[in-house]
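Chain and residue survey
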Amino acid sequence: MSVCVSNDDLALKLLLAVVPEAASELSVDAVVDQLSRLDLDGQQVEGTNSVAQVLAAKYNSELAGTTDAEQAEVSQWMTMSARHGPAELQVFAQTINNHLAQRTFLVGERLSLADLVAFANVHPYMASLSSQKRFNVSHFSRWFDLIQHSLSADALAKTGIQLIEIDLNAPVQPKKQAHAATAQDKKAAGEPKAAKKEKKEKKPQPAAKDVVIVPSMIDLRVGHIVEVAKHPDADTLYVEKIDAGEDELRTVVSGLVRFVPIEQMMNRDVVLVCNLKPAKMRNVMSYAMVLCATSPDGATVEFVEPPKGSKPGDRVYFEGFADGAPEAQLKPKMKVFETIQPGLFTNDAREAGWFDANKKFHKLLVAGSVCTTATVTNGSLK
């Protein structure tokens, strides 16, 4: 019975420190540039989330959730927390902040695997934030401070995680310096008086409208991959020509080389996100994004597949949001896709959909039939 922990896998190191029974019973080895993996009672699993869930279920079941609903929610948070870029962590921190407005822990009323994995993954991000930025996400900062002080000094030391001093009070703003010369000083110096400027009446500005972000703002359509080739300047990217039911094919760049063989890319029906701002990816402009599902352990990435009989250009929509009209192009400042994406998942039946704030699952549909994946369950969509 052994567990191999990747050198940069803070989440799994933290779990082993929190559950010493696992560390004492298992042979723990370090690996470099590989996924963490576990061999326990003949069961072999790979990836941080999968290993963590098996260990928690065996040695501390409360961490994994005590009900089916809690276990599903823990799994969702663990999937969402597997983000590594600064921009992705910023969105994830804001998601936690919004979720914790009236909560103490991510799931239920006690510390869970979701809190431990998320805390380990966002620790470097929190360390990089200024006091002002921490205050701007006060619920996230409060939760982070609670988790780090819920863990023993020994557990943090074994993991190599340093305590971060969190000040939950508003940062003191520096006082503006007084003008270099007062009016009396100017008078004494014989400076001429500045002519008085007539004050213009300020016109009242119209009140800003609160925009409610809903998934129907995203333009999702069925696409059919007509051509595909390796990107000339990037080993991990494909460049596809996709029929989206328009006069011209769309050029789309996708980072799928490590997950989908090129022969499996051709003539595939896919779901396209069509109203993202076009982006240049290694000197090739991409005019859409192919929606894919990632397994909880990050090892598998698959297409979200439209139902049989779908045609290029068919509208793809979320259950309950069929009447909403998509934006012509998503404005980056509104962060529509970034707001909706953390709730995009597949369920136990491989059906794609979106969890709203109340954890209701809205299936992703084409003409009333659901979009699915080949094998990925409880995986995130992006």
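The paragraphs below set out a description of the structure included in this document.

Thresholds applied
- Residues numbered from 1 in each chain as written.
- Predicted model: local features only at pLDDT ≥ 70, side-chain atom pairs only at ≥ 80, totals over all residues.
- Heavy atoms only, no water.
- Axes fitted to C-alpha atoms, helices over the stretch in contact; angles between N-to-C directions.
- Helix = DSSP H or I, 4+ residues; strand = E, 2+ residues; numbered from the N terminus.
- Parallel < 35°, antiparallel > 145°, perpendicular 65-115°, else oblique.
- Left-handed = near helix turned anticlockwise from the far one by under 90°.
- Contact = heavy atoms within 4.5 Å.
- Buried < 20%, exposed > 50% of the residue type's maximum accessible area, 1.4 Å probe, protein only.
- Polar contact = N/O pair within 3.5 Å; in protein donor to acceptor, adjacent residues only side chain to side chain.
- Lys, Arg positive; Asp, Glu negative; His and termini not counted.
- Salt bridge = Lys/Arg side-chain N within 4 Å of Asp/Glu carboxyl O.

Moving on, we come to the packing of helix α1 (residues 10-18) against helix α6 (residues 113-128). Axis separation between α1 and α6 bottoms out at 8 Å; the angle between their running directions is 130°. By the angle class used here, α1 and α6 are oblique. For the pair α1 and α6, the sense of crossing is right-handed. Listed contacts from α6 to Leu-10, Ala-11, Leu-14, Leu-15 and Val-18 of α1 are Leu-113, Leu-116, Val-117, Phe-119, Ala-120 and Asn-121.

Mapped onto the fold, Thr-346 is located in strand β15 (residues 344-346). Residue classification places Thr-346 among the buried residues on the basis of a relative accessible area of 1%. Only 3.1 Å separates the side chain of Thr-346 from the backbone nitrogen of Asn-378, close enough to count as a polar contact. Each residue touching Thr-346, except ones within four places of it in the same chain, is listed here: Ala-293, Glu-351, Ala-352, Thr-373, Val-376, Thr-377, Asn-378, Gly-379 and Leu-381.

All right, on to the side chain of Glu-240 then. Mapped onto the secondary structure, Glu-240 falls in strand β6 (residues 238-243). Lys-241 is the oppositely charged side chain nearest to the buried, salt-bridge-free Glu-240, at an N-O distance of 11 Å. A distance of 2.9 Å separates a polar atom in the side chain of Glu-240 from a polar atom in the side chain of Ser-254. Look past the residues within four positions of Glu-240 in its chain and what remains in contact with it is Ile-225, Glu-227, Val-228, Arg-250, Thr-251, Val-252, Val-253, Ser-254, Met-265 and Val-290.

With that settled, the discussion passes to the pattern of salt bridges. Pairing between side chains becomes possible if they bear opposite charge and their charged atoms approach one another. A complete count under the given rule lists 8 salt bridges for this structure. Ionic pairing is found between Asp-154 and Lys-158, a salt bridge with its closest N-O pair at 3.3 Å. On the criterion of helical spacing, the pair formed by Asp-154 and Lys-158 is a turn pair, its members being 4 residues apart in helix α9 (residues 153-159). Of the residues examined, Lys-158 reaches a relative accessible area of 56% and is grouped as exposed. Two residues, Arg-268 and Glu-305, come together in a salt bridge whose shortest N-O distance is 3.0 Å. Linking Arg-268 in the loop between β7 (250-254) and β8 (269-273) with Glu-305 in the loop between β13 (301-303) and β14 (315-318), this pair joins segments that are 37 residues apart in sequence. Overall, Arg-268 belongs to the partly exposed group, its relative accessible area being 22%. Judged by its relative accessible area of 25%, Glu-305 is partly exposed. Within the structure, one salt-bridge network assembled from shared partners comprises Asp-219, Arg-221, Glu-246 and Arg-250.

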